[in-house]
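Structure assessment
These are the residues of each chain, in order.
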Amino acid sequence: MSSAAGHKPWGWLAAGRASRRLVLVVVFVALLLDNMLLTVVVPIVPTFLYTTEYKGINTSAAPAQAELAPPASRAPPFSFVFSYFDTTTVTISGSMSTVGLGNRTGSSPPAEPPTSSPPSASSCLEGEEFLAEENVRVGLLFASKALVQLVVNPAVGHLTNRIGYHIPMFIGFTIMFLSTLMFAFSGTYTLLFIARALQGIGSSFSSVAGLGMLASTYTDDLQRGSAMGIALGGLALGVLIGAPFGSVMYEFVGKSSPFLVLALLSLLDGALQLCILQPSKISPESSKGTPVSTLLQDPYILIAAGALCFSNMGVAMLEPTLPIWMMQTMCSPKWQLGMAFLPASISYLIGTNLFGILANKMGRWLCSLIGMAVVGISLLCVPLAKNISGLIGPNAGLGFAIGMVDSSMMPIMGYLVDLRHTSVYGNVYAIADVAFCMGFAIGPSTGGAVVRAVGFPWLMISIGVLNIAYAPLCWYLRSPPAKEEKIAILSQECPMQTKSYTTQKTLRDLPLGGSSDVEAEKVE
């Protein structure tokens, strides 16, 4: 009986390893944690650098201001003096005595202290030059993850073709765990930069291997679209939780707390991967995948990759610049800097799950075209906001539209490989991740410099117009033609693939044998 009792858990584990749904769960959790770490730093880094570095500048300038005061008035180092006229008597906070300016004594009753409005206004605009420079530095820090991912992605795609997807997924978990711990205990800009770059390596392994694993597990085009929508829902949920979670934890607990929580969740993800994926098992693809260089020459893959890049570039530009713009123009507290991204995250979660299925019915090309147009319009509306409430509508529209584009383009990438190349998915999803990362590399790195040169509103106008101008190119994905050598394979082995996109004209142009006439009549 003991052997039978001990056999049941292992039997459940073996059944779980054969389940496609558990593979989807593993990819969902990996993308969730990756994007939680991606966005949890968005509200933390600008305020952390401002607090640590700008405070140091102020404390070094404090002795020079103290020398200008009379020797009798020795104010505490953290006091502030509010003086609007030369002869006004004011009370210094933290001190029990009044100080008379000029030849007056302190015998008269102290003047009523100023209201909270002037200090808040001055603190809102304080360090404007430092904030302008910080736009560039924070943008480069955020972009470092995507830049590293750009370099690593092609190598990971090639690696998955040789050894399979399981081992790269576990390597991604290990690197992400180390990056999370480094974020928790980094106290300087340099260490934060290294942690962000290390995250890019781990994210490359997790994203490319995870999406490729889903594409190879779900071979049916409709099921693949649904699975991709659910997996991207994990990405959306990570973005949804990350920024608000980081801002609240940083405000009320401390800087290290959100990263330590993520490190604990990463350990649970690693245990799940050990149970389900067997990362010690090498399982190379049965056929050789199409080289990246060949895929990059396919104009339809380039159009799909461009849609991913430009639609995500808008929110990538918002990540480093919107919190600082809110600090300058809205005087927003720390917790609002992350909450501003909450509408975009919620709507992205809704969009990816809704259009994972709906896009296949309405046409993925049309869904992407509408999504890119809405992205552009939403970005044009962001600078019109006067407070955090004014950001709800534009950010919600932005997240929903990006969800439309992502949930349409990811299945299209797999479909284009099935239709026009060899059905091995590591390289094509490496290209998709490269496109995604280019948006998150170009966006933050150039966004800070553009804001410093022409201002935040013009940055939003430029990227919004770019998305609207690119949207019509999605029309070319309406009916991509199949390569000649793939048409016979699709008509014999995968006749369902022709339901998503019309390729009947191409089929009619080819000489058909007697066995193929029946299939041609069915298609017509």
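Residues numbered from 1 in each chain as written. Predicted model: local features only at pLDDT ≥ 70, side-chain atom pairs only at ≥ 80, totals over all residues. Heavy atoms only, no water.

Our working definition: UniProt positions are given in the numbering used here, feature names are shortened, and annotations may be inferred rather than shown by experiment.
You'll find the chain entered in an unreviewed UniProt entry as VMAT1 protein, with Indicator maculatus given as the organism. Its UniProt record gives the chain a comment under Sequence similarities (unreviewed entry), which states: "Belongs to the major facilitator superfamily. Vesicular transporter family." Of the chain, the UniProt comment under Subcellular location (unreviewed entry) reads exactly: "Cytoplasmic vesicle, Secretory vesicle, Synaptic vesicle membrane".

1. Details of the overall build of the chain
The test is simple: Labels follow the DSSP assignment, with helices taken as runs of H or I lasting at least four residues and strands as runs of E lasting at least two, numbered in each case from the N terminus. Exposure is judged per residue with a 1.4 Å probe applied to protein chains only, and the accessible area is read against the type maximum: over 50% gives exposed, under 20% gives buried, and values in between give partly exposed. In this description, contact between two residues means that some pair of their heavy atoms is separated by no more than 4.5 Å. Here, Shrake-Rupley sampling with a 1.4 Å probe gives the accessible areas, and only protein chains in the shown set may cover a residue.
What the chain contains, in helices and strands, is 20 helices and 2 strands. Buried residues in the chain amount to 49% of all 524 residues. Nonlocal contacts in the chain, meaning residues at least 24 apart in sequence, comprise 84% of its contacts between residues at least 6 apart. Accessible surface, the chain as shown: approximately 23600 Å² in total, 67% of it carbon and sulfur.

2. Some remarks on empty space enclosed by the protein
Counted only if it meets this: Space inside and on the surface of the protein is sampled on a 1 Å grid over the protein atoms alone, with a cavity defined as a set of points where a 1.4 Å probe fits but cannot get out and a pocket as an open set with protein on both sides within 12 Å along at least 5 of 7 lines; lining residues have an atom within 4 Å of a point. Grid points are joined across faces, edges and corners, and a volume is the space filled by probe spheres set on the points. Amino acid classes used here: Ala, Val, Leu, Ile, Met, Phe, Trp, Tyr, Cys and Pro are nonpolar; Asp, Glu, Lys and Arg are charged; the rest, including Gly, are polar.
The final tally for this structure, using the stated rule, is 6 cavities of 30 Å³ or more. By volume, the largest cavity amounts to about 250 Å³. Considering the residues around the largest cavity, the lining is formed by 20 residues, among which Thr-39, Val-239, Val-315, Glu-319 and Phe-440 are closest to the centre. Elements represented by at least two residues in the lining of the largest cavity include exactly helix H2 (20-40), helix H8 (221-252), helix H11 (299-329), helix H13 (342-362), helix H15 (392-420) and helix H16 (426-454). The element contributing the most residues to the lining of the largest cavity is H15, with 4 residues. Its residues placed into classes, the lining of the largest cavity shows 13 nonpolar, 5 polar and 2 charged. For the second largest cavity, the calculated volume is near 120 Å³. Around the second largest cavity, the lining is made up of 14 residues, and of these Leu-31, Ser-207, Leu-235, Asp-433 and Phe-436 lie nearest the centre. Elements supplying a minimum of two residues to the lining of the second largest cavity: H2, helix H5 (128-163), helix H7 (189-217), H8 and H16. Looking at side-chain class alone, the lining of the second largest cavity contains 7 nonpolar, 4 polar and 3 charged residues.

3. Some details on the environment of Glu-251
As for its position among the elements, Glu-251 is in helix H8. The spacing of Glu-251 and Pro-333 is 82 residues in sequence and 9.2 Å in space, taken between C-alpha atoms. Beyond its immediate sequence surroundings of up to four residues, Glu-251 is in contact with Lys-334 and Trp-335.

4. Digging into the nonpolar core
Test applied: Take the buried Ala, Val, Leu, Ile, Met, Phe, Trp, Tyr and Cys residues and link them wherever side-chain atoms come within 4.5 Å; each set so joined is a nonpolar core.
With 107 residues, the main nonpolar core has Leu-318, Leu-322, Leu-391, Met-413, Tyr-429 and Met-460 as its most contacted residues. Among the elements that take part in this core, H11 stands out by supplying 17 residues, more than any other. Residues Val-152, Phe-205, Val-208 and Ala-430 belong to the second largest nonpolar core, which totals 6 residues.

5. Focus on a nonpolar patch on the surface
What counts is decided by this rule: The patches described consist of residues with a relative accessible area above 30% and no salt bridge, like charges being joined within 9 Å and nonpolar side chains (Val, Leu, Ile, Met, Phe, Trp, Tyr) within 5 Å. Definition used for salt bridges: Asp or Glu carboxyl oxygen within 4 Å of a side-chain nitrogen of Lys or Arg.
Side chains of Ile-377, Leu-380, Val-454, Trp-458, Ile-461, Val-465 and Ile-468 sit close together on the surface and give an oily, nonpolar patch of about 610 Å² of accessible area. Counting residues per element, the ones that place at least two in the nonpolar patch are helix H14 (364-381) and helix H17 (456-470). When residues of the nonpolar patch are assigned to their parent elements, the largest contribution, 4 residues, is made by H17. A residue is classified by how much of its surface remains accessible, and Leu-380, at 31% relative accessible area, is partly exposed.

6. Overview of the packing of aromatic side chains
Under the convention used in this document: Aromatic rings from Phe, Tyr and Trp, taking only the six-membered ring of Trp, are treated as a pair when their centres fall within 6.5 Å; an angle between ring planes under 30 degrees marks them as stacked, one over 60 as edge-to-face, and anything in between as tilted. Counting as a charge over the ring demands two things of the Lys NZ or Arg CZ atom: a distance within 6 Å of the ring centre and an angle within 35 degrees of the ring normal.
Per the stated rule, a full pass over the model turns up 7 aromatic pairs. Look at Phe-310 and Tyr-470: their rings are 5.1 Å apart centre to centre, the planes differ by 55°, and that puts the pair in the tilted class. Separated by 160 residues along the polypeptide, Phe-310 in helix H11 and Tyr-470 in helix H17 bring together distant segments of the chain. The partly exposed category is assigned to Phe-310, whose relative accessible area is 21%. Between Trp-325 and Phe-456, the ring centres sit 4.6 Å apart and the planes meet at 20°, which makes this aromatic pair stacked. Taken together, the residues Trp-325 in helix H11 and Phe-456 in helix H17 connect sequence positions 131 residues apart. Against the face of Phe-48 rests Lys-255, its NZ or CZ located 5.3 Å from the ring centre.

7. Considering the pattern of salt bridges
Going through the model one piece at a time under the given rule, you end up with 1 salt bridge. In this structure, Arg-420 engages Asp-298 in a salt bridge whose closest nitrogen and oxygen atoms are separated by 2.8 Å. Pair noted here: Arg-420 is in helix H15 and Asp-298 is in the loop between helix H10 (292-295) and H11, with a separation of 122 residues, a long-range link.

8. What about the confidence of the model for the chain?
Stated precisely, the cut-off is as follows: Residue-level confidence of the predictor is summarised by pLDDT, bounded by 0 at the bottom and 100 at the top.
With 71% of its residues at a pLDDT of 70 or more, the chain has an overall mean of 75. Between residues 1-6, whose pLDDT stays under 50, and residues either more than four places distant or in other chains, the model counts 0 contacts. Contacts of residues 61-123 to residues separated by more than four positions or lying in other chains number 30 contacts, the stretch itself having pLDDT below 50.

9. Description of the environment of Leu-318
Tracing the backbone through its elements, the reader meets Leu-318 in helix H11. A C-alpha to C-alpha distance of 9.8 Å links Leu-318 and Val-42, two positions 276 residues apart in sequence.

10. Re the environment of Ala-227
Within the secondary structure layout, Ala-227 lies in helix H8. Of the residues examined, Ala-227 reaches a relative accessible area of 3% and is grouped as buried.

11. So, the packing of helix H6 (residues 166-185) against helix H9 (residues 256-276)
Selection rule: Throughout, an axis means a line fitted to C-alpha atoms (over the contacting stretch in the case of helices), and angles, computed between N-to-C directions, take values from 0 to 180 degrees. Orientation labels follow simple angle bins: below 35 degrees gives roughly parallel, above 145 gives roughly antiparallel, 65 to 115 gives roughly perpendicular, and whatever is left gives oblique. Rotating anticlockwise by less than a right angle from the far helix to the near helix defines a left-handed crossing, while the corresponding clockwise rotation defines a right-handed one.
Orientation of H6 relative to H9, taken along the N-to-C sense of each, is 165°, at an axis distance of 8 Å. Overall, the two elements H6 and H9 adopt an arrangement that is roughly antiparallel. When the axes of H6 and H9 are compared, the crossing they make is left-handed. Mapping the contact onto sequence places Met-169, Phe-170, Phe-173, Phe-177, Thr-180, Leu-181, Phe-183, Ala-184 and Phe-185 in H6 and Ser-256, Phe-259, Leu-260, Leu-262, Ala-263, Ser-266, Leu-267, Asp-269, Gly-270, Gln-273 and Leu-274 in H9.

12. Focus: the side chain of Ser-203
Heads up, the condition is: Pairing of N or O atoms within 3.5 Å defines a polar contact, subject to two protein rules: one partner must be a possible hydrogen donor and the other a possible acceptor, and residues neighboring in sequence count only if both atoms are side-chain atoms.
Note that Ser-203 resides in helix H7. Within the structure, the side chain of Ser-203 is placed 3.3 Å from the side chain of Gln-149, a separation counted as a polar contact. Dropping the residues within four chain positions of it, Ser-203 is found in contact with Asp-34, Lys-145, Gln-149, Met-176 and Asp-433.

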